[in-house]
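Letter by letter, the chains look like this.
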Amino acid sequence: MKKAVAALALLLSACGGAVGKDQERVLHRRLEGAPETLNALISTSDPENVVIALLQRNLLDYDEKLNLVPGLAESVEAEPGHLVYTVKLRDGVRWEDGTPVTSDDVKATLEALLDPKTPALYRRAFFADLDKVEAVDARTARVTFRKAYAGQRDAFNLPLLPARLYRGTEVATNPANRRPLATGPFRLASWEGGTLRLVRNTQYFGEPPAFEQVVLRVVPESAPAFQGLVTGDLDESRLNAVQRAELPKHPAIREVVYDEIAYTYIAWNNRLPQFSDPRVRRALTMLIDREAIARTLYGGLARPANGPLPPGLWAYDPTLAPLPYDPAKAAALLEESGWKKGKDGVRAKGGSRFAFTLSFGSANDRQRQILELSQRAFREAGIEANLAPLEWGAFVEKVDAGDYEACSLSLTLDPNPDLRPNWHSTQVPPAGMNNAFYRNPRADALMDEIAATFDRGKAKTLYAELQRVIADDQPFTFLHTVSVAWGVRDRVGNVRTSPIGLWLFWPGGAGWQPARAAKPV
């Protein structure tokens, strides 16, 4: 570990990481994994979205209270019947090369989104019933749907692609994915190895950001990242429980805590024989002492999750109790479903041993600890779980394709939740992000009905049933909903939070400002 810290220190110092007078308007950010793309239509990971949030504005953005506010569009309005939406772009919105953003870019973006060859696993579901897009004039687009959905306006929380670079191309392999044209406050100046340097976008329509540059470095391991935060080579980093306890020793670092509308989970590939029975999936959840993990590894900043919606969302059902920690009941469920212990202590059924590989991104230390505790609990119950840490990009590729046996991740939901992209049977890979291959006709029917229900009270009742259906099936082990602790150097001011984190609302990280004076390390 000392070697890793020393290596990071050399890297940061070589890049001018330490804060001096010439660095006062340079913000030094951490990425927990390496981005694979900077095309927001096909991005699927947090590191990618952290960068994209600084480069691109959406047609409509969420503010810190999760209200939709104008972004590239000054308005997106529905006609009576909610089938036709008129998108009016702001006057003077330009790409970083000075060319105007037009309604043709809106049209090309939605055409690319619906192209079956575009791996837009998440966003495509929100435009699944798109009928046509018309460019009325340079600043006005008319978007027509075949069906009316209650949350359709939220779909316009969408960035744009420049039509002249993407139309007629393979979106997934377009070179602009690594050299995007920005519409936001920053543009990409360089991307070399694990370092991305962003500079002010002089063509940005809004007020220029306070920082002149943002340098983002891939630092997967939390220990060297915290060391960089302590020395001032990084201005921000996520904190684990041990690091939070260390903060009193470092007065130049303040803690920022917020509740996420997210949850952590272990996904079971429901297509596989060992995970096809809901009784087995419930048993796996009941073998994990999530309460103890919340106390010890999260320092109290977590609670066992009860299902596919986290607290903080209007549709969340607080009366749904999480499955309890109950190894005896779990063993009974495994026996009942035909998984019997053999002479070697491992359960088997029909000649197949209950063994699987549990994949995860190797960057997260706490996640590794949770999975090691889970592995131990599974072993005691006669289940053999082999942990497989993977490089982040390779891991995300496997998960998106559904090419795994079990995997562990976290999921952040939109303010107006639509569970179809992750849970509807039509959204299994390669069509969508239901990469657990979950199928339940009642869940499908509820999701479809919710999407067409404009009465929020009725929708909340339907959501309550949907949460119970999915929780009973337990296609994931819903681990924890969490409050997130972040360390931020005192040289950085105007850091605001939202239920969708520090970055994914407007202005998010683009609103950070140099503090008047930085405290000593």
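Look above for the structure.
Residues numbered from 1 in each chain as written. Predicted model: local features only at pLDDT ≥ 70, side-chain atom pairs only at ≥ 80, totals over all residues. Heavy atoms only, no water.

A. The arrangement of the side chain of histidine 480 in detail. Along the chain, histidine 480 turns up in strand S21 (residues 476-489). Relative accessible area serves as the criterion here: at 0%, histidine 480 is assigned to the buried category. Engagement of the side chain of histidine 480 in a polar contact is seen with the backbone oxygen of arginine 290, the distance being 2.9 Å. Once residues lying within four places of it in the same chain are set aside, the contact partners of histidine 480 are Ala262, Tyr263, Thr264, Arg290, Ile293, Ala294, Tyr298, Ala302, Arg303, Pro304 and Ala305. (Helix = DSSP H or I, 4+ residues; strand = E, 2+ residues; numbered from the N terminus. Buried < 20%, exposed > 50% of the residue type's maximum accessible area, 1.4 Å probe, protein only. Polar contact = N/O pair within 3.5 Å; in protein donor to acceptor, adjacent residues only side chain to side chain. Contact = heavy atoms within 4.5 Å.)

B. Quick peek at the sheet that holds strand S5 (residues 84-89). Ordered by their spatial adjacency, four strands build an open sheet running S4-S5-S7-S6, and the pairing between neighbours is antiparallel. The open sheet has two edge strands with one neighbour each: strand S4 (73-78) and strand S6 (130-137). The sheet shows a mean angle of 15° between the axes of neighbouring strands, taken without regard to direction. In this sheet, strand S7 (residues 140-145) lies alongside S5 in antiparallel orientation, the contact comprising five bridges. The residue bridging tyrosine 85 from the neighbouring strand is valine 143, located in S7. Its contacts with the sheet put helix H3 (residues 103-114) on S5, S6 and S7, and the angle it makes with S6 is roughly 165°. (Pairing = 2+ DSSP bridges. Axes fitted to C-alpha atoms, helices over the stretch in contact; angles between N-to-C directions.)

C. Here's a closer look at the sheet that holds strand S8 (residues 186-192). Taking strand neighbours across the sheet as the criterion, the four strands line up as S1-S10-S9-S8 in an open arrangement whose pairing is mixed. Looking at which strands have only one partner, the edges of the open sheet turn out to be strand S1 (26-31) and S8. Averaged over all neighbouring strand pairs, the angle between strand axes comes to 20°, with direction disregarded. By the bridge criterion, six bridges tie S1 to strand S10 (residues 213-218) in an arrangement that is parallel. Paired with arginine 30 across the two strands is arginine 217, which belongs to S10. Against the sheet, helix H2 (residues 46-55) engages S1, S8, strand S9 (195-200) and S10, with an angle of about 155° to S1.

D. Inspection of unusual backbone geometry at higher detail. With an omega dihedral of 5°, the bond running from proline 429 to proline 430 counts as a cis peptide bond. Of note, proline 430 is situated in the loop between helix H12 (420-423) and helix H13 (441-451). Cis geometry marks the peptide bond from tryptophan 506 to proline 507, where omega comes out at 10°. Tracing the backbone through its elements, the reader meets proline 507 in the loop between strand S22 (492-493) and strand S23 (513-514). For histidine 82, which is not glycine, the phi dihedral falls at a positive 60°. Structurally, histidine 82 can be placed in the loop between S4 and S5.

E. Fine view of the environment of proline 430. When its relative accessible area of 73% is taken as the criterion, proline 430 is described as exposed. Placed 274 residues apart in sequence, proline 430 and phenylalanine 156 show a C-alpha to C-alpha distance of 23 Å.

F. Representation of helix H7 (residues 278-286) within the structure. Within H7, seven of the nine residues are buried, leaving the element largely enclosed by the surrounding structure. Three or more residues of H7 are buried, namely Val280, Arg281, Arg282, Ala283, Leu284, Thr285 and Met286. Residues of H7 that are buried make contact with strand S13 (262-268), helix H8 (290-296), helix H9 (327-336), helix H10 (365-380), helix H14 (456-473) and S21.

G. Structural view of the pattern of salt bridges. The full count for this structure, using the stated rule, is 29 salt bridges. Across the salt bridge formed by glutamate 64 and arginine 496, the nearest N and O atoms sit 3.2 Å from each other. Pair noted here: glutamate 64 is in the loop between strand S2 (60-62) and strand S3 (68-70) and arginine 496 is in the loop between S22 and S23, with a separation of 432 residues, a long-range link. Where aspartate 235 meets arginine 491, a salt bridge forms, and the shortest distance between an N and an O atom there is 2.6 Å. Taken as a pair, aspartate 235 in the loop between helix H5 (222-231) and strand S11 (236-238) and arginine 491 in the loop between S21 and S22 lie far apart in primary sequence, 256 residues in all. For arginine 491, a relative accessible area of 7% gives the class buried. (Salt bridge = Lys/Arg side-chain N within 4 Å of Asp/Glu carboxyl O.)

H. Spotlight on empty space enclosed by the protein. Under the defined criterion, the tally for this structure stands at three cavities of 30 Å³ or more. Volume-wise, the largest cavity comes out at about 90 Å³. Along the walls of the largest cavity sit 14 residues, with Leu38, Gln56, Leu160, Leu161 and Pro180 positioned nearest its centre. Of the residues belonging to the lining of the largest cavity, the class tally is 12 nonpolar, two polar and no charged. Roughly 70 Å³ of volume is contained in the second largest cavity. (1 Å grid on protein atoms, 1.4 Å probe; cavity = no way out; pocket = protein on both sides within 12 Å on 5 of 7 lines; lining within 4 Å. Points joined across faces, edges and corners; volume = space filled by probe spheres on them. Nonpolar A, V, L, I, M, F, W, Y, C, P; charged D, E, K, R; others polar.)

I. Up close: the packing of aromatic side chains. Taken as a whole and assessed by the stated rule, the structure comprises 25 aromatic pairs. Taking 5.2 Å as the distance between ring centres and 70° as the angle between the ring planes, the aromatic pair formed by phenylalanine 275 and phenylalanine 356 counts as edge-to-face. Of this pair, phenylalanine 275 sits in the loop between S13 and H7 while phenylalanine 356 sits in strand S18 (residues 355-361), and the two are 81 residues apart along the sequence. On the accessibility criterion, phenylalanine 275 (0% relative accessible area) is buried. Given the relative accessible area of 1%, phenylalanine 356 is considered buried. Here the guanidinium or amino end of arginine 29 rests over the ring plane of tryptophan 512, the centre of that ring lying 5.4 Å away. Its guanidinium or amino end placed over the ring of tryptophan 314, arginine 456 lies 4.0 Å from that ring's centre, counting from NZ or CZ. (Phe/Tyr/Trp six-rings, centres within 6.5 Å; stacked < 30°, edge-to-face > 60°. Lys NZ or Arg CZ within 6 Å of the ring centre and 35° of its normal.)

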